[in-house]
Amino acid sequence: MTKGITQRAVGETVDEFLLIKQSVKGVTTTGNPFISLVLQDKSGDIEAKLWDTKDEQEKIFAAETIVRVGGEIHNYRGKNQLRIKSIRPAKPEENQSISDLMPSSEKSTDELLEEVMKYLFEMENPQIQRITRFMLKKYQQQFLTFPAATRNHHDYVSGLADHVVSMLKLGKALVEIYPGLNKDLLFAGIILHDIGKVIELSGPIATTYTVEGNLIGHISIMVTEVAKAAEELEIEGEEVMLLQHIILSHHGKEEWGSPKKPMLKEAEILHYIDNIDAKMMMLDRVLGKTKEGEFSERVFALDNRSFYKPKI
């Protein structure tokens, strides 16, 4: 079986079809134009640079384009990159499909939905359950197919639902250990906290931020969505405010993007659950392409640290 682009070692040559996930034009300190590319296949993505580019190359090598790339893996500042030696768009007769080059959840959308619904049915508070069910139904297709981010964690097809399912499992375990937690608030907060990303992000292919995503962001988007849902369902009471607070505070600190710090026990624990699942995903990914007894490439989102993969 052919190794994926993220499974190649430094010094290995590459000659294969890849999907351009991101394409950003830049200028060197000496004024020469270049394009920063993020290229992907089923295994994940890798960064690459095209140097001394022309305007027409920016159009040719745009995001969502399948390209045939030749080059070599090298290490730059503790992270693998692809040094491009040749690149061209795929030809129609080569029969390349975008879906064949996109990472996706190991679970089907039906399986993911079934998992989420189990936790919805466990909710005993009718107001919380109705709002959560309403939002899931409204954005079900996007929720089941969108990534959870553009980079770093769960940035693949159905990554958002994958992230939520993992968090729900963590939440259930913690409710059993700490029965004082309100499971309805916690489960609803987990399901709802990132649904705003289906508006913040463009979709599962070559994911970028939408105008609304850049100007407002998924947290503020979702707080408004919860208010609209409550109004449509004619729900009033503390439940609405508590759900909004959990969403507002799930990044934990203002400097991390939260308009409010957690002031509910369930909000505090949700923040930790979110953080744990995102970081474990990043570590599983980077250690999955690291040999035993060696250190991984640096992980920018984890303080630019390298991690050791034990032999045991």
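Now for a description of the structure that goes with this document. Small disclaimer: the values here were computed from a predicted structure and weren't measured.

## Quick notes on the sheet that holds strand 2 (residues 33–41)
Logical step 1: One closed barrel accounts for five strands, arranged 1-2-3-5-4; its pairing is mixed. Strand-to-strand twist of the sheet, defined as the mean angle between neighbouring strand axes without regard to direction, takes the value 50°.
Logical step 2: Two elements, strand 1 (residues 13–27) and strand 4 (residues 66–76), share seven bridges in a ladder whose sense is antiparallel. Paired with Leu18 across the two strands is Val67, which belongs to strand 4.

## Details of a nonpolar patch on the surface
Logical step 1: A contiguous nonpolar patch, built from Val211, Leu215 and Ile216 and spanning about 340 Å² of accessible area, is present on the exposed surface.
Logical step 2: Inspection of the secondary structure assignment puts Ile216 in the loop between helix 8 (211–215) and helix 9 (218–232).
Logical step 3: The exposure class assigned to Ile216 is partly exposed, which follows from its relative accessible area of 47%.

## So, empty space enclosed by the protein
Logical step 1: Counted according to the given criterion, the structure contains two cavities of 30 Å³ or more.
Logical step 2: Roughly 70 Å³ of internal volume is contained in the largest cavity.
Logical step 3: Lining the largest cavity are 14 residues, and of these Lys21, Gln40, Asp155, Pro204 and Thr207 sit closest to its centre.
Logical step 4: Partitioned by chemical class, the residues of the lining of the largest cavity number nine nonpolar, three polar and two charged.
Logical step 5: Taken as a whole, the second largest cavity encloses approximately 30 Å³ of empty space.

## Focus: helix 3 (residues 126–138)
Logical step 1: Its 13 residues place the ends of helix 3 18 Å apart at the C-alpha level, agreeing with the 18 Å of an ideal helix rising 1.5 Å per residue.
Logical step 2: What helix 3 keeps buried is the set Ile128, Gln129, Ile131, Thr132, Met135 and Leu136. For helix 3, the angular spread of the buried residues around the axis is 165°, confining them to a single face. Of the exposed residues in helix 3, those oriented more than 90 degrees away from the buried face are Pro126 and Lys137.
Logical step 3: If you follow the buried residues of helix 3, they end up packed against helix 2 (109–122), helix 4 (140–145), helix 6 (183–192), helix 9 and helix 10 (238–249).
Logical step 4: For helix 3, the N-terminal cap is Asn125; the gap from its side-chain oxygen to the backbone nitrogen of Gln127 is 2.9 Å.

Thresholds, definitions, all that
Residues numbered from 1 in each chain as written. Predicted model: local features only at pLDDT ≥ 70, side-chain atom pairs only at ≥ 80, totals over all residues. Heavy atoms only, no water. Pairing = 2+ DSSP bridges. Helix = DSSP H or I, 4+ residues; strand = E, 2+ residues; numbered from the N terminus. Axes fitted to C-alpha atoms, helices over the stretch in contact; angles between N-to-C directions. Patch = residues over 30% accessible without salt bridge, like charges linked within 9 Å, V, L, I, M, F, W, Y side chains within 5 Å. Areas by Shrake-Rupley, 256 points an atom, 1.4 Å probe, with all protein chains shown as cover. Salt bridge = Lys/Arg side-chain N within 4 Å of Asp/Glu carboxyl O. Buried < 20%, exposed > 50% of the residue type's maximum accessible area, 1.4 Å probe, protein only. 1 Å grid on protein atoms, 1.4 Å probe; cavity = no way out; pocket = protein on both sides within 12 Å on 5 of 7 lines; lining within 4 Å. Points joined across faces, edges and corners; volume = space filled by probe spheres on them. Nonpolar A, V, L, I, M, F, W, Y, C, P; charged D, E, K, R; others polar. Expected span 1.5 Å × (residues − 1). Arc of directions from axis to C-beta. Contact = heavy atoms within 4.5 Å. Polar contact = N/O pair within 3.5 Å; in protein donor to acceptor, adjacent residues only side chain to side chain.

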